[in-house]
Amino acid sequence: MQFSVRASLEQFTLPHPSGEGRLTISVAAPAGPLPEAGLPVLYVLDGDLLFGMAAEIGRAVSSVAAFPAHYVVGIGYDAAYADVLKLRTADLAPPISADALASLGGLGTAIGGAQGGGADAFLAFLTGALRAEIAARYPQTTDGPQILFGHSLGGLFAARALLIRPDSFSAFIASSPSLWWSDFAILDELPAFGERLAALPRQPRVFVDVGAREQELPTSVPDGIGVTLDEAQAQIRAARMVDAAREFAVALSDAGVTNLRHVAFAEDDHVSAAPAAILHGMRFALGRDR
């Protein structure tokens, strides 16, 4: 099989589910001869930030015969970074309470916290219009595993998609999930999740990760984010990223998830955990974790 030295790239746009604007869809196809059906698809949230990384990782690892070739699909906005921060919040986050929003201070303003609430519509778009478009353009993905990857707020989205629609993807990779959003309101979905899971003919595979250093308190904050050092430290304490990810994985297991892996990447923080999660999450999602 001929192997490409770089990931492929095809792009198109689709209407945003809100009816305003368009989303940029980026697709990396695997190299070499492909079967007519059954190829896995990895859907990457925050495509503006993470698609390129996921595409190159997919290209590299699928050059090894033991790792299945797969399509990588990124969903992004093709906008300035400051705008992306707000657009992603609107699509990836459920609504946030007034008190929880106030507790975020300047960070809430920077990310457009008040604009959250479009997560259900965005999930419907991923599993409806986008999935149908990918199947039409790339018929090799017909009947293949459908895998969702999200990091940070995207991790919250992936976790919530699992809880409310566990049948929507074959596997869910919730990387450094922002479970703290709106005072951990996502955990209210756990009781009903067990019933939804038990009703499925086949369980999804679930990967929950976090950087083991994500609860370390910062000693400085970047310019321009509107958050003081004291506020940043308080938010890190309240988020409990490492502990919360572990507790969430335990709760999923207690609810009946059997194909589950939780990892705290020993040397990683919130940013550096993302590439490790793409690699190891896909390995688990495709059943190549051992």
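**Thoughts on the overall build of the chain**
Counting its secondary structure elements, the chain contains eleven helices and eight strands. Its C-alpha radius of gyration of 18 Å places the chain within 12% of the 19 Å reference for a compact globule of 290 residues. In terms of principal-axis extent, the alpha carbons of the chain reach across some 55 × 40 × 40 Å. The 290 residues of the chain split such that 49% are buried. Long-range pairs, those at least 24 residues apart, make up 77% of the contacts in the chain between residues at least 6 apart in sequence. For the chain, the accessible area works out to roughly 13,000 Å², and carbon and sulfur atoms hold 53% of it. Put simply, the chain has 20 plus and 31 minus side-chain charges, and the middle of one group is 7 Å from the middle of the other.

**Overview of the nonpolar core**
Counting 58 residues, the largest nonpolar core has Phe 122, Leu 126, Leu 148 and Leu 252 as its most contacted members. At eight residues, the largest contribution of residues to this core is made by helix H6 (residues 153–164). When residues no more than four places from it in sequence are discounted, the contact partners of Leu 148 are Tyr 43, Leu 45, Leu 126, Phe 157, Ala 158, Ala 161, Phe 169, Ala 171, Phe 172 and Ile 173. Residues Val 44, Leu 50, Ala 171 and Ile 278 belong to the second largest nonpolar core, which totals 28 residues.

**Brief notes about the packing of helix H1 (residues 47–61) against helix H11 (residues 273–285)**
The N-to-C vectors of H1 and H11 enclose an angle of 40°; their axes lie 10 Å apart at closest approach. Taken together, the axes of H1 and H11 are oblique relative to one another. Relative to H11, the crossing made by H1 is right-handed. Contact residues: Leu 50, Met 53, Ala 54, Ile 57 and Val 61 in H1; Ala 274, Pro 275, Ile 278 and Leu 279 in H11.

**Describing the pairing of strand S3 (residues 41–44)**
In S3, alternate side chains face the same way, and those of Val 41 and Tyr 43 on one face and Leu 42 and Val 44 on the other are all buried. Sheet analysis places S3 next to strand S4 (residues 71–76), joined by four bridges and oriented parallel. Bridge pairing in S4 places Val 41 opposite Tyr 71. Bridge count for S3 against strand S5 (residues 146–151) is four bridges, and the pairing is parallel. In the strand pairing of S5, Val 41 is matched with Gln 146.

Cut-offs and rules
Residues numbered from 1 in each chain as written. Predicted model: local features only at pLDDT ≥ 70, side-chain atom pairs only at ≥ 80, totals over all residues. Heavy atoms only, no water. Helix = DSSP H or I, 4+ residues; strand = E, 2+ residues; numbered from the N terminus. Rg over C-alpha atoms; globule rule 2.2 N^0.38 Å. Buried < 20%, exposed > 50% of the residue type's maximum accessible area, 1.4 Å probe, protein only. Contact = heavy atoms within 4.5 Å. Areas by Shrake-Rupley, 256 points an atom, 1.4 Å probe, with all protein chains shown as cover. Lys, Arg positive; Asp, Glu negative; His and termini not counted. Charge placed at Lys NZ, Arg CZ, Asp CG, Glu CD. Core = buried A, V, L, I, M, F, W, Y, C linked by side-chain atoms within 4.5 Å. Axes fitted to C-alpha atoms, helices over the stretch in contact; angles between N-to-C directions. Parallel < 35°, antiparallel > 145°, perpendicular 65-115°, else oblique. Left-handed = near helix turned anticlockwise from the far one by under 90°. Pairing = 2+ DSSP bridges.

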